[in-house]
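As a plain string of letters, each chain reads:
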Amino acid sequence: MKCNKTLLKLTPLFVACTLAVSGCSSTKVQRVDANQEVALSDKWNAKDSQLVAEAMINDMLSFPWVNDHLQREGSKPAIIIQSVRNKSHQHIAVDTFLNDLKRSILRSGQADFVANKDVRREIREERKDQELNSSLETQNEMGQEYGADYALSGTINSFVDEQGGDRVTFYQVDLRLIDMTTNREVWNGQKKIQKLQERSRFGF
């Protein structure tokens, strides 16, 4: 009987402690601006992808090859993005970086963008379907595609230096633009990002 009385006295205290612990471990989620950088670590993030793409495309379009092409051909150059290989130490969403490159090219208004082979294959299938099922007035003819004048490709590399609880992560993006007629390299760009992550008393 005495044990039951003791248990009854301790039960409210136990419940209060449980509620306090639950309150301390609660999770809060909030929406933030997609353009705002939220850096939780020194890993490559969406803001890195956006900034690198914009900087490199601006640099690429400032080189003489753009005006040379306009004078020679009388039209804007057409660019196709080939592979950008991730050779870094971490997983990077390369597709996101490629999309950032595409948007930067289109936004500039100085060059046209040609879809890659996978997208072209889907569009060609659609045109074949149109030949069978669409009216003559609305069909899009085969053999009217724009060919790319230049091919853009490159790599993403990284290395990590760690000492005394601090860590520096270095990223290097290298891109090159090749004239598809002559195989001349008309532009070569490089962008570096360095991030310092300092160890707190709780560790990384």
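The name an unreviewed UniProt entry gives the chain is Penicillin-binding protein activator LpoB, with Pseudoalteromonas obscura as the organism.

Trainee: I keep staring at the nonpolar core and nothing clicks. Help me out?
Mentor: Side chains that are nonpolar tend, in soluble globular proteins, to be buried together. In this structure, Met60, Trp65, Ile79, Phe97, Leu101, Leu152 and Leu177 are the most contacted members of the largest nonpolar core, which totals 29 residues. Of all the secondary-structure elements, those providing two or more residues to this core are helix H2 (46–61), helix H3 (65–73), strand E1 (78–86), helix H4 (94–108), strand E3 (150–163), strand E4 (166–179) and strand E5 (185–198). Considering each element in turn, this core owes the most residues, six residues, to H2. Ignoring anything within four residues of it in the chain, the contact list for Leu152 reads Ile57, Met60, Ile79, Ile80, Ile81, Gln82, Leu101, Leu175, Arg176, Leu177 and Trp187.

Trainee: Even after reading the chapter, I still don't get the packing of aromatic side chains, so can you show me in this structure?
Mentor: Given two aromatic rings, one states the distance between the centres and the angle between the planes to describe the pair. The final tally for this structure, using the stated rule, is four aromatic pairs. An aromatic cluster is defined as three or more aromatic residues linked by ring pairs; in this entry it consists of Trp44, Phe97 and Tyr171.

Trainee: Whenever I open this one, the pairing of E1 confuses me. Can you help?
Mentor: Side chains on a regular strand alternate between the two faces of the sheet. Here E1 pairs with strand E2 (residues 112–114) via three bridges, running parallel. Bridging across to E2, Ile79 finds its partner in Phe113. The sheet contact formed by E1 and E3 spans six bridges and is parallel. Counterpart to Ile81 in the pairing with E3 is Leu152.

Trainee: Would you mind showing me how to read the pattern of salt bridges here?
Mentor: It is possible for side chains of opposite charge to pair when their charged atoms get near one another. Summed over the entire model, instances satisfying the criterion amount to nine salt bridges. Residue Glu125 is joined to Lys128 by a salt bridge in which the shortest nitrogen-to-oxygen separation is 3.9 Å. Within this pair, Glu125 and its partner Lys128 are both found in helix H5 (residues 117–133), separated by three residues, close to a single helical turn. The exposure class of Lys128 is partly exposed, given its relative accessible area of 44%. Measuring nitrogen to oxygen at the nearest pair gives 2.4 Å for the salt bridge that ties Arg127 to Glu145. With a gap of 18 residues between them, Arg127 in helix H5 and Glu145 in the loop between H5 and E3 connect regions that are remote in the sequence. We classify Glu145 as partly exposed; its relative accessible area is 34%.

Trainee: Explain the environment of Ile81 to me, please; I cannot follow it from the model alone.
Mentor: Position of Ile81 among the secondary structure elements: in strand E1. Among all residues touching Ile81, those that are not within four sequence positions of it are Leu98, Leu101, Lys102, Ile105, Phe113, Asn116 and Leu152.

Trainee: I would appreciate a short explanation of unusual backbone geometry in the present structure.
Mentor: Apart from glycine, the bulk of residues carry a negative phi angle, and the bulk of peptide bonds sit in the trans form. Not every positive phi belongs to a glycine, and Asn183 is a case in point at roughly 65°. Following the sequence through the fold, Asn183 ends up in the loop between E4 and E5.

About the criteria used
- Residues numbered from 1 in each chain as written.
- Predicted model: local features only at pLDDT ≥ 70, side-chain atom pairs only at ≥ 80, totals over all residues.
- Heavy atoms only, no water.
- Core = buried A, V, L, I, M, F, W, Y, C linked by side-chain atoms within 4.5 Å.
- Buried < 20%, exposed > 50% of the residue type's maximum accessible area, 1.4 Å probe, protein only.
- Helix = DSSP H or I, 4+ residues; strand = E, 2+ residues; numbered from the N terminus.
- Contact = heavy atoms within 4.5 Å.
- Phe/Tyr/Trp six-rings, centres within 6.5 Å; stacked < 30°, edge-to-face > 60°.
- Pairing = 2+ DSSP bridges.
- Salt bridge = Lys/Arg side-chain N within 4 Å of Asp/Glu carboxyl O.

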